[in-house]
Amino acid sequence: MRARVVVSLDGAIVTEIELTKDVTVVGRHSACDICIDNPAISGRHMLFRIVDQSAYAEDLASTNGTKVNGHPTQHQVVHHLDLIEVGHHKLHFFDDELLAAGGISNLETTVHTDFEKTMVAAHAASPSPARTAGPAKEDLSRTMAIPSATVRLGAAEESVDTATPMATRISALALRALTGMKAGEMISLEQPNTMLGTAGADSALVVRRGDGYFLARFGGAAPRLNRKELAPGTHRIAARDVIEVGNTRYEVITSAS
């Protein structure tokens, strides 16, 4: 499948990216494939996953959630001309084959449909924050929650209180490797995102958001949580859970720090 995403903000096109990888990550972190430097975007906000001839949008327990065609989602197949919203930005999804078949040669004209202009006008009363250069060492754990009644609510979707130190809200978690060359090694989960496995092979992402920790499939084969293959989307983890990524098993433990 050949597809691309056009990113827009307040009706203006920001960038266009071809989805050439099985997994394309969207977020504020500079290591993301589609980097959006805006405080309403989480460090690793969501990803696009290509499986055979289908594309999926998966939220990574982001602070402000991910919407597909106006509906909050954790995992959803996306089609030609679908609109994905992350923070204040809009990601317009195009299937290249259908784009060519439809005789559309100007993506800018396609993005700026009457529907899109209406959506932009509806949000004009809540302008997005100006893009500013971040500090030398950015704090990606402090995503700005959008003050809106439409922000998703739920286990992995609540508006996050970043002002309260996490240690005062819940017990911090860590991982202990049970197998492999690093058996017995402790892995801190202090960062907003912790990668497990090998990039380009079997890998998973542990996401720290607000009052919880969540596990998401990243690349390769799906990880296993307590011996069960992880379903799409993000899943809350707790102490004593067992995570399997590739040939390595990890136990979730309460951090001593």
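Anything mentioned here points back to the structure above.
Summary of the structure given here. (Residues numbered from 1 in each chain as written. Predicted model: local features only at pLDDT ≥ 70, side-chain atom pairs only at ≥ 80, totals over all residues. Heavy atoms only, no water.)

## With respect to the overall build of the protein
Of the regular secondary structure elements, the protein holds three helices and 21 strands. For the protein, buried positions account for 43% of its 257 residues. Sequence separation of 24 or more characterises 48% of the internal contacts of the protein that already satisfy a separation of 6 or more. Counting only carbon and sulfur atoms, one obtains 51% of the accessible surface of the protein, whose full area is about 12,900 Å². (Helix = DSSP H or I, 4+ residues; strand = E, 2+ residues; numbered from the N terminus. Buried < 20%, exposed > 50% of the residue type's maximum accessible area, 1.4 Å probe, protein only. Contact = heavy atoms within 4.5 Å. Areas by Shrake-Rupley, 256 points an atom, 1.4 Å probe, with all protein chains shown as cover.)

## Some thoughts on the pattern of salt bridges
Any two side chains of opposite charge can pair, on the condition that their charged atoms come close. Tallied over the entire structure, the rule returns six salt bridges. We note a salt bridge from D96 to R2, for which the minimum N-O separation is 3.6 Å. Here D96 is found in helix α1 (residues 96-101), whereas its partner R2 is found in the segment before β1 (3-9), with 94 residues between them in sequence. Across the pair D33 and K21 runs a salt bridge, and its minimum N-O distance is 2.6 Å. Here the residue D33 occupies a position in the loop between β3 (23-27) and β4 (34-35), and K21 occupies one in the loop between β2 (12-19) and β3, the gap between them amounting to 12 residues. Using a relative accessible area of 34% as the deciding quantity, one classes D33 as partly exposed. Given a relative accessible area of 42%, K21 falls into the partly exposed group. Among the charged side chains, a salt-bridge network with shared partners connects R2, R4, E16 and D96. (Salt bridge = Lys/Arg side-chain N within 4 Å of Asp/Glu carboxyl O.)

## Some words on the sheet that holds strand β8 (residues 71-73)
An order of β2-β1-β11-β10-β7-β8 is seen for the six strands of this open sheet, with the pairing classed as antiparallel. Edge positions in the sheet fall to β2 and β8, since each has one partner strand and no second. With strand direction ignored, the average angle separating the axes of adjacent strands in the sheet is 30°. Bridge count for β1 against strand β11 (residues 89-95) is seven bridges, and the pairing is antiparallel. Following the sheet pairing, S8 is matched in β11 by K90. (Pairing = 2+ DSSP bridges. Axes fitted to C-alpha atoms, helices over the stretch in contact; angles between N-to-C directions.)

## Examining the environment of M186
Residue placement: M186 occurs in strand β13 (residues 186-188). Counting along the chain gives 64 residues from M186 to Y250, while the straight-line C-alpha distance between them is 9.4 Å. Each residue touching M186, except ones within four places of it in the same chain, is listed here: L175, R176 and I253.

## Notes on the nonpolar core
I36, F48, I84, L91 and F93 are the most contacted members of the largest nonpolar core, which totals 20 residues. Elements with a minimum of two residues in this core: β1, β2, β5 (46-51), β6 (54-59), β10 (83-86) and β11. Apart from the residues within four sequence positions on either side, L91 is in contact with V5, V6, V7, V26, I36, F48, D82, L83, I84 and V86. Judged by nonpolar contacts, the second largest core, of 17 residues, contains I187, L196, Y250 and V252. (Core = buried A, V, L, I, M, F, W, Y, C linked by side-chain atoms within 4.5 Å.)

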